[in-house]
Amino acid sequence: MEKPMSGKFRCRTQSWYIVLVSFLLWLTLYMCYLYSSSVTFRKRGHSFVANNHTGFLDSSQSFHVVVRDDETQDPSHVEDIDIVDNVVGDDETETDEDKTTEFSDVEEVNQVIDSMLSEDQNGTDTDSAKDNEDVTSNEEVKNMDEDDKPVVQSSAQDKRKEGRLTKQRKGTTANVSERQRDKKSEEDQERRKEDRVVKQKETANVLERQTGENVEDQAAKRKGAANFLERQRGENVEDQTAKRQENADVSERQREDNPEDQPVEKMLPAVKSRTERPQRPRRRERNKPADSLNPVMEKRIEKVVTEPRRQNPVQAGSDSCSGRYIYIHNLPRKFNQDLLENCRSLSFWTDMCECASNLGLGARLSNDEKLYSNSGWFATNQFLLEVIFHNRMKQYKCLTKDPLVASAIYVPYYAGLDVGRYLWDPDGFMRDYDALNLVKWLASRPEWKRMWGRDHFLVAGRINWDFRRDPKNESDWGNELLNFDESRNMTMLVLESSPWNYNDFAIPYPTYFHPSRDDTVFQWQNKMRRLKRRFLFSFAGARRPGRHESIRNELIEQCLASRRRCRFLECDKTQKCHKPANVMRLFQNSIFCLQPPGDSYTRRSIFDSIIAGCIPVFFHPGSAYVQYIWHFPRDYNKYSVMIPESDVKTGKANIERILTRVSRDRRVAMKDEIIKMIPKVIYADPSSRLREIEDAFDLTVKGILDRVETVRNQMNEGRIVNYDFEEEESWKYFAIGKLGPHEWDAYFSRKIGKHGP
């Protein structure tokens, strides 16, 4: 039995209907008795039962439609169904053909009716008949005569039986029709489900085939594009290299012509007060690497550096620049070109505009006195090294525009020209301003973060003490460029390095000789070999009356005492030493040239004497032996004479006697070694390029690349850079190559002032 919407079983509902019908029958009989109209009674009763039963079936059918839709999880029809209305879905609409088919099978209907009658007579009909008989008999007793009572009861019973049979037939027929409709609806639903599943499978197969075809097409396209690009790279390597060089030249010229292209104000953080300067590490931590104080930073460095550099498109076998590529930082003009454009503000005593001409070489020197070669000689200022080096770097044959390919990165900051404007200014704030902005700019660049600046190098055209001001005394000499944490990671190239610090390296002072061809160098070397020298030794310099530790007074006195064998050129107010002809004439006529410390350990006169083929005489190992490790032979006895300054100061050493004792053969050997060193201490003309000779620039670049590669290997191995030795013994590690006790320990046991001895 189907459960109707009211929640009651159909059999019980029909019983109540029978009671009601019985009551109506009684009322109708009473009316028939009064009006003798039994026909009207039958029509009304039949219409009532049929209409009510039909409405019940329609509402039940609507309920089943909702239930089936809910079971299939298709709620599209649920909201539109009205249970009371006789409305069904499109798939379940009854047509005339369906009704004819449903009611054609009379025999099946009669069998069902007979079975239903046998069941109802024992249950529902018995109770309903009793109730109807009681109600009818009570009423009939009151209103009817005894003679008519049997006739009326017999007629009522027949009518009730007839009504029950009619109702049961219709109900059974409706139930059969309903079951058939349900069965058909279920079959249709199953059919729709199967159709949907089939369609979904077909759609999935189509999408899968399309996806597979697209993936194959894309893979084929990628492979074809990769092959095409590879062929292009292989075919156009030479063209690309030429274009890169041409673009580099054009870009450089554009940068020089357009200073407004790089707005410095937007790129640089302004330093508003002294409180914004980086704090220096504690004294006991000053000897450690800048990043060794932070283990997390060390791990991050190791992780970054282990990533290999990008390979150059040219194949390694045919790439002569492999491992030698250098990338030049495109600094804001404030740090280089603007300084040259404002050259008149660079010095109070010297016309730096004239000195900066000819790519930093200065004015050309004429050869009126036959002291020079016919070409390649300039009145070069010693503080223009950074300009000369920058212009030489622009002609370097292994430049790259890709920092990921570069083995080292050059920072073209004119640090010496910058600080030279404020060296005599008591306020150290302006001396640090541009230097501090530079390191902030560098630290913000992605190139810096590859090795945290350890692949960067910078050329500062002054001695290191001009960049190592005491942080506690702002009125002291110089700025703090070399003390910044960022600078301690870079390789700093200066005219004179500190023996107690590992981040700066000395390179030669610029001389007056800047050849543009190899044969010019060879001719000059031959000329220096043939010269006949009149004096045993000579000295060009000035006294140091305010410095009691200086030995210059003693040297001058000894030279003046040996007038026949020594020649003294006094650098007084007449500026004789600033004239190249006076200096070169003196050195070309001397076998030995005295080179004592001056304001610092080193002096330009060392390199002028080597150019002239004069054997230098040193009095402190800090003047050369621990300085120019990439340019001078490690065995200093091969090219120089060493006289301890303490012996000179105490009067134990007689210069003339010591030099006279040097054998002739040794003199010749040392002279030949000095002449061989000439190419190593000169900077060729930046407008040209030497083909066979390696000059001071070439040796410097080679030393930088070797150092950066060593640092890179240390970081890849997880080691702390430069942590294998104490920083105060860096002179011993770099110059000698081994630690432990040494004969020069007395010279470097402590710092004798910040400006050298």
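See the structure shown above.
Just so you know, these numbers come straight off a predicted model, no measurement behind them. Chains are numbered independently. Their residues run from 1 in the order of the written sequence. Two thresholds apply to this predicted model, a pLDDT of at least 70 for residue-level local features and 80 or more for giving and counting side-chain atom pairs, whereas whole-chain, interface and lining totals are computed over all residues. By convention in this description, side-chain values take in all heavy atoms of the structure and omit both hydrogens and water.

**Details of a nonpolar patch on the surface**
Part 1: A contiguous nonpolar patch, built from L20, F23, L24, L27, Y30, M31, Y33, L34 and Y35 and spanning about 830 Å² of accessible area, is present on the exposed surface.
Part 2: Only runs of H or I of at least four residues qualify as helices and only runs of E of at least two qualify as strands under DSSP, and these elements are numbered from the N terminus. Structurally, the position occupied by F23 is in helix α1 (residues 10-35). Patch membership is restricted to residues that have no salt bridge and whose relative accessible area is over 30%. Joining uses 9 Å for like charges and 5 Å for the nonpolar side chains Val, Leu, Ile, Met, Phe, Trp and Tyr. We get accessible surface area from the Shrake-Rupley algorithm with a probe of 1.4 Å; when it comes to residues, only the shown protein chains can shield them. We count a salt bridge whenever a side-chain nitrogen from Lys or Arg sits within 4 Å of a carboxyl oxygen from Asp or Glu.

**Quick notes on the packing of aromatic side chains**
Part 1: The rule is short: rings of Phe, Tyr and Trp, with Trp giving its six-membered ring, pair when the centres are within 6.5 Å, and they are stacked under 30 degrees, edge-to-face over 60, tilted in between. Throughout the structure, instances matching the rule amount to 31 aromatic pairs.
Part 2: A connected cluster of aromatic rings, assembled from ring pairs, spans Y509, F607, F618, Y625, Y628, F632, Y636, Y639 and W744.
Part 3: Note on criteria: charge over ring means Lys NZ or Arg CZ within 6 Å of the ring centre, with the direction from the centre no more than 35 degrees off the ring normal. Of note, R462 hangs over the ring of F383, and the distance from its end group to the ring centre comes to 4.1 Å.
Part 4: The residue whose ring lies beneath R604 is Y512, and the NZ or CZ to ring-centre distance is 4.1 Å.

**Digging into a positive patch on the surface**
Part 1: Residues scored as charged are limited to Lys and Arg (positive) and Asp and Glu (negative), so that His and the chain ends carry no count. Note that the charge is assigned to NZ on lysines, CZ on arginines, CG on aspartates and CD on glutamates. On the surface, R529, K638, K676 and K680 cluster together into a patch of positive charge.
Part 2: Assignment of secondary structure puts K676 in helix α23 (residues 664-677).

**Quick notes on the side chain of N464**
Part 1: Position of N464 relative to the elements: it lies in the loop between β3 (456-459) and α16 (485-489).
Part 2: Any two residues having at least one pair of non-hydrogen atoms within 4.5 Å are treated as being in contact. When sequence neighbours within four positions are dropped, the list of residues in contact with N464 reads L482, V494, E496, S497, S498 and D504.

**Focus: the sheet that holds β3**
Part 1: The pairing criterion for strands is at least two bridges between them, as found by DSSP. With parallel pairing, five strands are arranged side by side in an open sheet as β1-β2-β3-β4-β5. This sheet does not close on itself; its edge strands, each paired only once, are β1 (326-328) and β5 (504-506). Strand-to-strand twist in this sheet, taken as the mean axis angle between neighbours without regard to direction, amounts to 30°.
Part 2: When strand β4 (residues 491-494) meets β5, the two strands line up parallel, connected through three bridges. The residue of β5 that forms the bridge with V494 is A506.
Part 3: Interaxial angles span 0 to 180 degrees and are taken between N-to-C directions of axes, which are lines fitted to C-alpha atoms, for helices over the stretch in contact. Running at roughly 130° to β3, helix α12 (residues 385-394) makes contact with β1, β2 (408-411), β3 and β4 of the sheet.

**As for empty space enclosed by the protein**
Part 1: Only protein atoms enter the 1 Å grid used here, on which a cavity is any set of points holding a 1.4 Å probe that cannot leave and a pocket is any open set flanked by protein within 12 Å on both sides along at least five of seven lines; residues with an atom within 4 Å of a point are listed as lining. Grid points are joined across faces, edges and corners, and a volume is the space filled by probe spheres set on the points. Taken as a whole and judged by the stated rule, the model has four cavities of 30 Å³ or more.
Part 2: In this structure, the second largest cavity spans a volume of roughly 90 Å³.
Part 3: Mapped onto the lining of the second largest cavity, the elements with two or more residues apiece are β5 and α25 (730-735).
Part 4: Residues are sorted three ways: Asp, Glu, Lys and Arg are charged, Ala, Val, Leu, Ile, Met, Phe, Trp, Tyr, Cys and Pro are nonpolar, and all the rest, Gly among them, are polar. Counted by class, the lining of the second largest cavity contains seven nonpolar, five polar and one charged residues.

**A closer look at the state of the cysteines**
Part 1: Whenever a pair of cysteine sulfur atoms sits within 2.5 Å, that pair is classed as a disulfide. Taken as a whole and assessed by the stated rule, the structure comprises five disulfides.
Part 2: One disulfide bridge connects C559 with C566, the sulfur atoms lying 1.8 Å from each other. Judged by the torsion about the S-S bond (-100°), the C559/C566 disulfide is left-handed. Neither C559 nor C566 differs from the other in exposure class; each is buried.
Part 3: Between the sulfur atoms of C593 and its disulfide mate C614 the distance is 2.0 Å. The chirality of the disulfide connecting C593 with C614 is right-handed, given an S-S dihedral of about 115°. Of this pair, C593 sits in strand β8 (residues 590-595) while C614 sits in the loop between α20 (605-611) and β9 (615-618), placing them 21 residues apart in sequence. Accessible area is worked out with a 1.4 Å probe on protein chains only. A residue is then buried under 20% of its type maximum, exposed over 50%, and partly exposed in between.

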